[in-house]
Amino acid sequence: AVSLAALIAISVSQFTSAHMRYAVVVICITECIVMFINTDTRPLLWEPLVKRVDMVWEAVDKVFKNTQYNFGFYDNVSYTGYGEPGGMFKGVDYRYREELDVKVNGKINMIYLKGASYAGITENGITTKVDEDITDNGWFAVYLNKLYNAGITRAEARSFSKLFKVNVKYEYMKTEDVMRSGNLLAVSDDAREGEQSRDYEYSFDYVALDYANPYFDAVLRGVPLQNGLRNRTGYGTAMAYDYFYKLNTSKIEKVKPAPYFIIKDYAYKLYNINLDNFMDENSYDQAFEHYENDMKDRRYIDDSMITDRIRELSLEVTKDAVTDYDKARSIEAFLRQYSYSTDVDLRGSENFVESFLFETQSGYCAHYASAMVVMLRSIGIPARYTQGYRHIT
């Protein structure tokens, strides 16, 4: 009845519009479909139909995404915010597309996967990609010495750290970067640099750390727990650490690394691992040299984006902090007050970091990271920009 009424209306309207003849075809097709609609009194079984429609949609969607991937219609930034060198000004138009397939051997809530690091931040965005060894685990040598000097016991270490194995498979992703944890222990031989295609797969071992744990907090601040601070303060608050530094010095004295054989034995006591499987004595010694060179690298204190307003803000935010670590945490806490938005457009800004900090006070990951780097550099703390993925398990 509806179709008939529509046909009559269209027939009349044809006298006023020649284009309506196309609508006649549509109505006729609709009429044919109507003729085949089930008129049985039993209800239609929609579930099988819905499943078939879903299957067809998934197939079409897969073809569409494969076409995009193979012909490069969209870069990674459009989908996840990750790219080379990454979105910085125009905002991120998020779309759903699975870039990585990540599987963890164990229970953990979240993993941060590190991709590329950059030394330069300019008015045009991030530049000067840092040439990094994807197998570098030198941080672990420094970390073990920090624990050793603080007198951390096996039980205390287990309260803030745990070892995991992660398997990564690239899906719709195009990049030369190898995604791995910053707290890397080892990466499999399958991991290789250079642009990889789909189904590129590898694994890595890493140490998951709880930065809010009071024992680990003390380690990061360089407070030796064996001096009685653990017992007197209930393993401490920031006030207790400030008190410790004011009694001693505002800077922790440089401690000479312990010999390899001592740290090797200590690593086995803490984690039941053989340090030989991750680094030999030569790599262990070089880790501290590389760490010192990083701290002296002039690229990481570049002041080209620093303005008087940024420096004054950084000094105000960190005025009550005693150590460099506390200053970094103060800046982090300050930036968390800004609202997160992928729609912020900073194109045309002479200094996008300053615009983010004082004008929009809103942005996305690239803005937070670059702002923290520039603020740290403005108060003399070496810093570099690193991008990657946050994987929620």
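All of these numbers come straight from a predicted model, not from anything done at the bench.

Asker: Looking at this model, I keep getting lost on the sheet that holds strand S3 (residues 125–129). Mind explaining?
Answerer: Strand pairs in the sheet, formed through backbone hydrogen bonds, run parallel or antiparallel to each other. The sheet built from three strands is open, its strands ordered S3-S2-S9 with antiparallel pairing. Each end of this open sheet is capped by a strand with a single partner; those strands are S3 and strand S9 (385–392). On average, each strand axis in the sheet is tilted by 55 degrees relative to the strand beside it, whichever way the strands run. As judged from the seven bridges shared by strand S2 (residues 110–122) and S9, these two strands associate in the antiparallel manner. The partner of Met 110 across the bridge, within S9, is Ile 392.

Asker: Looking at this structure, how should I read the packing of aromatic side chains?
Answerer: The relative placement of two aromatic rings is captured by the distance of their centres and the angle of their planes. The full count for this structure, using the stated rule, is 19 aromatic pairs. When the ring of Trp 139 is compared with that of Tyr 143, the centres are 5.1 Å apart and the planes differ by 50 degrees; the resulting orientation is tilted. Here Trp 139 and its partner Tyr 143 are both found in helix H5 (residues 139–150), four residues apart, which amounts to about one turn of the helix. A relative accessible area of 5% places Tyr 143 in the buried class. Members of the aromatic cluster, joined through ring pairs, are Trp 139, Phe 140, Tyr 143, Phe 160, Tyr 211 and Phe 216. Above the plane of the ring of Tyr 172 lies Arg 198, whose end atom (NZ or CZ) is 4.2 Å from the centre.

Asker: Help me understand helix H7 (residues 214–221) in this model?
Answerer: Every α-helix winds through 3.6 residues per turn, so residues three or four apart in the chain are directed the same way. Here H7 lies mainly inside the structure; six of its eight residues are buried. Residues Tyr 215, Phe 216, Asp 217, Ala 218, Val 219 and Arg 221 constitute the buried set of H7. One side-chain oxygen at the N-terminal end of H7 lies 2.8 Å from the backbone nitrogen of Tyr 215; it belongs to Asn 213. Directly after H7, the chain includes Gly 222, whose backbone phi takes a positive value near 75 degrees.

Asker: Would you explain unusual backbone geometry in this entry?
Answerer: Negative phi characterises most residues that are not glycine, and trans characterises most peptide bonds. At Asp 199, a residue that is not glycine, the phi angle is positive and equals roughly 70 degrees. Structurally, Asp 199 is set in the loop between strand S5 (184–187) and strand S6 (201–209).

Asker: I keep staring at helix H11 (residues 281–296) and nothing clicks. Help me out?
Answerer: Its 16 residues place the ends of H11 24 Å apart at the C-alpha level, agreeing with the 22 Å of an ideal helix rising 1.5 Å per residue. On the buried face of H11, the contacting elements are H5 and helix H10 (260–271). Capping the start of H11 is the job of one residue whose side-chain oxygen sits 3.3 Å from the backbone nitrogen of Asn 282: Asp 280.

Scoring rules and cut-offs
- Residues numbered from 1 in each chain as written.
- Predicted model: local features only at pLDDT ≥ 70, side-chain atom pairs only at ≥ 80, totals over all residues.
- Heavy atoms only, no water.
- Pairing = 2+ DSSP bridges.
- Helix = DSSP H or I, 4+ residues; strand = E, 2+ residues; numbered from the N terminus.
- Axes fitted to C-alpha atoms, helices over the stretch in contact; angles between N-to-C directions.
- Phe/Tyr/Trp six-rings, centres within 6.5 Å; stacked < 30°, edge-to-face > 60°.
- Buried < 20%, exposed > 50% of the residue type's maximum accessible area, 1.4 Å probe, protein only.
- Lys NZ or Arg CZ within 6 Å of the ring centre and 35° of its normal.
- Polar contact = N/O pair within 3.5 Å; in protein donor to acceptor, adjacent residues only side chain to side chain.
- Expected span 1.5 Å × (residues − 1).
- Contact = heavy atoms within 4.5 Å.

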